[in-house]
Amino acid sequence: MEQVILQLKNICKQFAENTSPAVNDVSLTLQQGDILGLLGPSGCGKTTLLRLIAGFERPQTGTIEIDGNVVCSPSIHIPAEKRDIGVVFQDYALFPHLTVAENVAFGLKNQNKQQVQKRVAEVISLVRLEGLEKRYPYELSGGQQQRVALARALAPQPKLMLLDEPLSNLDIQVRLRLREEIGDILKAAKTTAIFVTHDQEEALAISDIVGVMRQGKLEQIGTPEEIYSHPASRFVAEFVTQANFLPAQRQGHFWNTEVGNFELPADFSYENGELMIRQEDLILQPATDAPAVIRTRRFLGREYQYCLQTPSGKEIHARTMIDTALPVGTRVQLAIAGNVRVFPKN
């Protein structure tokens, strides 16, 4: 059985009276080597939760354990520098007057010169910055600077790494490449980590476990596949999968919507609901008397994204492979590939 590295129990943080809690009764457990992606919209509490784990903030209630040691409880507050954690911020926070090697060595205390040099060489190799040891931060690209920040945090071999939107300041190409590398680097270092992001693809690509936050609460936690395929709420479905939702009424074994009838996959106890349809699950079939019409078509390289308008004026989106190229103005009948999910009406 893997060792538990982080355990949160009923963590609450409220910044002012008469305001909603920034973090509201959050509990979770992370095993050795797990990478947790904390996902959610701006203001949902994910960065506050990270700061509570780091020790930069103190919760009103709850306990935090790191590697079996209580670092925070109503009676205990271990300062950040004694929690055996590494932190990587979105703005790198490198020391401009220190070289790459000196930045990486900064957190290595109580070691002799040879041990420091050996460890610096190990982590610089791990983040693939060999040959740049004597450069200063201003001589590096944004992606290289972020790797230095990662190496500096990894150098003391912390029990837990905390990364707060570390890729948000990078351009899209560097960001896509570095998000794969960061996952590989953390896995190679066998480091347990929490990665905060508001980017759904980033969370799904990097993480072993994804936690979706909303208004201070942990709405759902599970593997990327579980979160994507079996969202626990309409919010998770909408935020993670960017799915469409259509009002639906139950009629016998079908859900009746303004764009057609869809078979019930299981026994539901409610009569009205909202049909969840992922963009990639929609099949478009041209038909002159069809209820939906194509308003726009965007070429996205490997696929097209269509914006369709329903009879009531509602917009829904579909993605198809590029072998399906339907012109704007085409009327389409909609079919759904895969299982239909229905959520109760709000």
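Residues numbered from 1 in each chain as written. Predicted model: local features only at pLDDT ≥ 70, side-chain atom pairs only at ≥ 80, totals over all residues. Heavy atoms only, no water.

Peer 1: What is the right way to read the side chain of Ser 233 from this model?
Peer 2: Along the polypeptide, Ser 233 turns up in the loop between helix 7 (224-229) and helix 8 (234-241). Of the polar contacts made by the side chain of Ser 233, one reaches the side chain of Glu 219; its length is 2.9 Å. A polar contact of 3.2 Å, which involves the side chain of Ser 233, links it to the backbone nitrogen of Val 236. With residues near it in sequence (within four places) discarded, Ser 233 still touches Glu 219 and Phe 343. (Helix = DSSP H or I, 4+ residues; strand = E, 2+ residues; numbered from the N terminus. Polar contact = N/O pair within 3.5 Å; in protein donor to acceptor, adjacent residues only side chain to side chain. Contact = heavy atoms within 4.5 Å.)

Peer 1: I tried to follow unusual backbone geometry on my own but got confused; where do I start?
Peer 2: Most peptide bonds take the trans form, and the phi angle of most residues other than glycine is negative. In this structure, Asn 10 is a non-glycine residue whose phi angle is positive, near 50°. In this fold, Asn 10 is placed in strand 1 (residues 4-13).

Peer 1: Would you explain the environment of Glu 181 in this entry?
Peer 2: In this structure, Glu 181 sits in helix 5 (residues 172-188). Residue classification places Glu 181 among the buried positions, given a relative accessible area of 13%. For the pair Glu 181 and Arg 128, spaced 53 residues apart in the sequence, the C-alpha separation amounts to 9.5 Å. Those residues in contact with Glu 181 that sit more than four places away from it in its chain are Arg 128 and Arg 147. (Buried < 20%, exposed > 50% of the residue type's maximum accessible area, 1.4 Å probe, protein only.)

Peer 1: Explain helix 3 (residues 113-126) to me, please; I cannot follow it from the model alone.
Peer 2: In an α-helix there are 3.6 residues to a turn, and that puts residues three or four apart on one side. The end-to-end C-alpha separation of helix 3 is 20 Å, in line with the 20 Å expected for 14 residues at 1.5 Å each. Listed in full, the buried residues belonging to helix 3 are Val 116, Arg 119, Val 120, Val 123 and Ile 124. In an axial view of helix 3, the angular spread of the buried residues amounts to 130°, which keeps them on one side of the axis. Projecting away from the buried face of helix 3 at angles above 90 degrees are the exposed residues Gln 114 and Lys 118. (Expected span 1.5 Å × (residues − 1). Arc of directions from axis to C-beta.)

Peer 1: Is there a simple way to explain the pairing of strand 10 (residues 209-214) in this structure?
Peer 2: Every regular strand shows the same layout, with side chains that alternate between the two sheet faces. Most of strand 10 sits inside the fold, with five of its six residues counted as buried. Bridge count for strand 3 (residues 35-39) against strand 10 is four bridges, and the pairing is parallel. Across the sheet, Gly 37 pairs through a bridge with Val 210, a residue of strand 10. Counting the residues between successive antiparallel strands, the hairpin from strand 10 to strand 11 (residues 217-222) contains two residues, one of them, Gln 215, with a positive phi of roughly 50°. (Pairing = 2+ DSSP bridges.)

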